[in-house]
Amino acid sequence: QVQLVESGGGLVQIGGSLRLSCATSGNIFGINIMGWYRRTPGKQRELVATISNRGSTDYANSVKGRFTISRDNAKNTVYLQMSSLKSDDTAVYYCNFYQRSGDYWGQGTQVTVSS
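Residues numbered from 1 in each chain as written. Predicted model: local features only at pLDDT ≥ 70, side-chain atom pairs only at ≥ 80, totals over all residues. Heavy atoms only, no water.

## Let's talk about the state of the cysteines
How we decide: We call a pair of cysteine sulfur atoms a disulfide whenever their separation is within 2.5 Å. The helix and strand labels rest on DSSP assignments: H or I over at least four residues marks a helix, E over at least two residues marks a strand, and numbering proceeds from the N terminus.
Going through the model one piece at a time under the given rule, you end up with one disulfide. Between the sulfur of C22 and that of C95 lies a disulfide, 2.1 Å long from S to S. In this structure, the disulfide formed by C22 and C95 twists by about -85° around the S-S bond and is classed as left-handed. Remark: C95 occurs in strand β9 (residues 91-99) and C22 occurs in strand β3 (residues 18-26); sequence separation between them is 73 residues.

## Remarks on the pairing of β9
What counts, and what does not: Three labels apply to residues, based on accessible area from a 1.4 Å probe with only protein chains included: buried if under 20% of the type maximum, exposed if over 50%, partly exposed otherwise in between. Whether two strands pair comes down to DSSP finding at least two bridges between them.
Of all the nine residues making up β9, seven are buried; the element is thus mostly covered by neighbouring parts of the structure. The sheet contact formed by strand β4 (residues 33-39) and β9 spans seven bridges and is antiparallel. Bridge pairing in β9 places R39 opposite V92. With three bridges joining them, β9 and strand β11 (residues 109-114) adopt antiparallel strand pairing. Bridge assignment links A91 to a residue of β11, and that residue is V111. Linking β9 back to strand β10 (residues 102-105) in an antiparallel pair, the connection comprises two residues.

## What to know about the nonpolar core
Test applied: What we call a nonpolar core is a set of buried Ala, Val, Leu, Ile, Met, Phe, Trp, Tyr and Cys residues that are connected through their side-chain atoms within 4.5 Å. Two residues qualify as a contact provided that any one of their heavy atoms is within 4.5 Å of a heavy atom in the partner residue.
Membership of the largest hydrophobic core comes to 27 residues, with the highest contact counts inside it found for W36, L80, M82 and Y93. Per element, the largest residue contribution to this core is four residues, and it comes from β9. Not counting residues up to four positions away in its chain, the partners in contact with M82 are G16, S17, L18, L20, R66, F67, Y93 and V111.

## Quick notes on the packing of aromatic side chains
Filter applied, for reference: Two aromatic rings, drawn from Phe, Tyr or Trp (for Trp, its six-membered ring), form a pair once their centres lie within 6.5 Å of each other, and the interplanar angle then sorts them: stacked below 30 degrees, edge-to-face above 60, tilted otherwise. Two thresholds decide whether a charge sits over a ring: the Lys NZ or Arg CZ must be within 6 Å of the ring centre and within 35 degrees of the ring normal.
For the structure on display, the rule yields one aromatic pair. Cation over ring: R45 sits above Y94, and NZ or CZ is 5.6 Å from the ring centre. The ring of F29 has R100 lying over it, and the distance from NZ or CZ to the ring centre is 4.3 Å.

See below:
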């Protein structure tokens, strides 16, 4: 089992910045992928960004150039630095951890971007 604890969500103005963190613990293997997804009311959960244990990253087109995903393998923690936030970025953000033993999710953290 792997546990994920997210933090860093909140209310921010349009154009502002916010950083999300997700700390993982439990039975973690070396090969894994950590990522962030988000969901807005009435929509399916969508990929925001992922990062492998080797540092390879992938981003949704809608956040490229504005969001940066990173990880600290020593702390088993993944971060999402969000800049130039738009109202469309308002969502519940979920941390994800994938390894051969399974797919694990955090409880979600609300990000609200307002004018």
